[in-house]
Amino acid sequence: MMMDRAFFENQLAASRIVRRHSVQVTVPTFQSYEVTKKTIEKLLAQKDAAVDILLVDNNSQDYVQLAQDFPQINYLVAKVNTGSGGAQCLGMHAAIFYGYETLICTDNDALLLSDDGLSKLLARLDPNNGIACVIPQNVENSMEPGEDRDVHYPVPFHYVCLSVDFLKRIEPMDYYYFLYSDDVAFSSKVLSYATIRCAGDVLYYHEKYQIKALTAGYQYFHLRGLVILTFIERHVALKFRVRHFLNILFKFGIAILRMIQFRDFLYVRIALTAFFHGLFRRRVFQFPAWPKEKFQFVEVDAAEVKDRAVIISVLNALWLKKYYQYPMNFAHRVAYFKRVPNHP
């Protein structure tokens, strides 16, 4: 959803944007100076890619030192922590308002491994022939460069390259996602109108799964974002709305089963709160102050898992047991988690 220029500027505590090139690369940050610095260094070392780097600081002090380290970068500083979704949304509007032709969105902890990756992504972008979005290949999927291919599923904000004219057509995703469903929302909007092309010879690294995804706060934001995407977001095809609605039902089913397994109503309370907050597009830019869950998940070595026979698949959250597994990168590597009591 497009925001007007006055609303956009009212979200900012500070800004510095000087357009020198036609391509903007958006990098969000929040209290992660060292990680963001490494990513910016990789971007500045790119060959044959004339780009402006836009740092979007989610109300931390990262930008102060980074602007000193890299005086050529632009920056926006949000008044509040808007999460990855809000930061990318601000970056998209900046690309529109400041007249950029092409936008590349990435996380601050996604490392581009190809030293000519940006130029290769830009060369493949062809909106006139339906290729409105180009992405690189995560080495978590494969370490070997491969053939280009079209993807038909949501992709994360890791060097997502698209034309700003196409962005205007589909509009930036809703400002209130905060995190976790923002990339799903944006991918759904792109795929509703065009193709996402994966450049097989452009490699980057970002771990696909993090254990924090199992915490109550993240479950809240994921479900809340799915509700916004399903019932409120514009420019989303019906097939994607149906798919995300089924995912909402699945999340509620998981919440009910966890309530039974852990004897903790908190999971259902979170699901209901997330649903109504999303339905009414409630502005929430921080983790709700939930009581601590009775259990947490701790990653363990595979040798510790004794009841491996009852570990079925990624859907094993449906089974009431002590150990869980998750494919970290499409079955190339599996992580095992054990639920343990939280200390009061």
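All figures in this text were calculated on a predicted structure; none of them were measured in a lab.

Asker: Would you explain the overall build of the protein chain in this entry?
Answerer: The secondary structure content of the protein chain amounts to 10 helices and 13 strands. At a minimum sequence separation of 6, the contacts of the protein chain that also span at least 24 residues come to 77%. When the accessible area of the protein chain is evaluated, it comes to approximately 15,400 Å², of which 55% is carbon and sulfur surface.

Asker: Please clarify how a nonpolar patch on the surface should be interpreted in this entry.
Answerer: Taken together, Phe231, Leu238, Val242, Phe245, Leu246, Leu249, Phe265, Leu272, Phe276, Leu279 and Phe280 make up a surface patch of nonpolar side chains, about 1,100 Å² in accessible area. Elements that contribute at least two residues to the nonpolar patch include exactly helix 9 (238-262) and helix 10 (266-279). With five residues, the single largest contributor to the nonpolar patch is helix 9. You can see Phe276 is positioned in helix 10. When its relative accessible area of 43% is taken as the criterion, Phe276 is described as partly exposed.

Asker: Mind showing me how you'd approach the pattern of salt bridges here?
Answerer: Close approach of charged atoms allows side chains of opposite charge to pair. The tally for this structure, following the rule as stated, stands at 10 salt bridges. Note that Asp115 is salt-bridged to Lys47, the shortest N-O span being 3.3 Å. Residue Asp115 is found in the loop between strand 6 (111-112) and helix 5 (117-124), and its partner Lys47 is found in the loop between helix 2 (33-44) and strand 3 (52-57); the two are separated by 68 residues along the sequence. The partly exposed category is assigned to Asp115, whose relative accessible area is 39%. The salt bridge partner of Arg124 is Asp148, with a shortest N-O separation of 2.6 Å. Of this pair, Arg124 sits in helix 5 while Asp148 is found in the loop between strand 7 (131-138) and strand 8 (149-151), placing the two residues 24 residues apart along the sequence. Salt bridges here are not isolated pairs; linked through shared partners, they connect Asp116, Lys120, Arg124, Asp148 and Asp201.

Asker: How do you make sense of the confidence of the model for the protein chain when you look at a structure like this?
Answerer: Any segment with low pLDDT has predicted coordinates that should not be analysed in fine detail. Here the protein chain averages 86 in pLDDT, while 85% of its residues score no lower than 70. When mean pLDDT is taken per element in the protein chain, strand 3 scores highest with 98 and strand 12 (residues 323-327) scores lowest with 65.

Asker: Looking at this structure, how should I read empty space enclosed by the protein?
Answerer: Summary: where empty space remains is shown by rolling a probe the size of a single water molecule over the atoms. Evaluation of the coordinates by the stated rule reveals one cavity of 30 Å³ or more. A volume near 30 Å³ is recorded for the largest cavity. Taken together, Cys133, Val155, Pro156, Phe157, Val160, Phe186, Ser187, Val190 and Ile196 make up the full set of residues lining the largest cavity. It is helix 7 (residues 182-191) that provides the largest number of residues to the lining of the largest cavity, a total of three residues. Here the lining of the largest cavity is composed, by residue class, of eight nonpolar, one polar and no charged.

Asker: What is the right way to look at the packing of helix 8 (residues 216-231) against helix 9 in this model?
Answerer: The packing of two helices is summarised by the inter-axis angle and the distance between the axes. Remark: helix 8 packs on helix 9, axes separated minimally by 9 Å, with the N-to-C direction vectors making an angle of 150 degrees. As the angle between them shows, helix 8 and helix 9 are arranged roughly antiparallel. When you trace helix 8 past helix 9, the crossing you get is left-handed. Each of Gln219, His222, Leu223, Leu226, Val227, Leu229, Thr230 and Phe231 in helix 8 lies in contact with helix 9, whose residues at this interface are Arg241, His244, Phe245, Asn247, Ile248, Lys251, Phe252 and Arg258.

Asker: I would appreciate a short explanation of the pairing of strand 5 (residues 102-106) in the present structure.
Answerer: The element strand 5 is extensively covered by neighbouring structure, given that five of its five residues are classed as buried. Side chains of strand 5 alternate between two faces, with Thr102, Ile104 and Thr106 and Leu103 and Cys105 buried alike. For strand 2 (residues 23-29) and strand 5, the ladder comprises four bridges, and the chain directions are parallel. In the sheet register, Thr26 faces strand 5, and the bridge partner there is Cys105. As defined by bridge partners, strand 5 adjoins strand 9 (residues 158-163) across five bridges and the pair is classed as antiparallel. Directly across from Ile104, in strand 9, lies its bridge partner Cys161.

About the thresholds
- Residues numbered from 1 in each chain as written.
- Predicted model: local features only at pLDDT ≥ 70, side-chain atom pairs only at ≥ 80, totals over all residues.
- Heavy atoms only, no water.
- Helix = DSSP H or I, 4+ residues; strand = E, 2+ residues; numbered from the N terminus.
- Contact = heavy atoms within 4.5 Å.
- Areas by Shrake-Rupley, 256 points an atom, 1.4 Å probe, with all protein chains shown as cover.
- Patch = residues over 30% accessible without salt bridge, like charges linked within 9 Å, V, L, I, M, F, W, Y side chains within 5 Å.
- Salt bridge = Lys/Arg side-chain N within 4 Å of Asp/Glu carboxyl O.
- Buried < 20%, exposed > 50% of the residue type's maximum accessible area, 1.4 Å probe, protein only.
- pLDDT = per-residue confidence, 0-100.
- 1 Å grid on protein atoms, 1.4 Å probe; cavity = no way out; pocket = protein on both sides within 12 Å on 5 of 7 lines; lining within 4 Å.
- Points joined across faces, edges and corners; volume = space filled by probe spheres on them.
- Nonpolar A, V, L, I, M, F, W, Y, C, P; charged D, E, K, R; others polar.
- Axes fitted to C-alpha atoms, helices over the stretch in contact; angles between N-to-C directions.
- Parallel < 35°, antiparallel > 145°, perpendicular 65-115°, else oblique.
- Left-handed = near helix turned anticlockwise from the far one by under 90°.
- Pairing = 2+ DSSP bridges.

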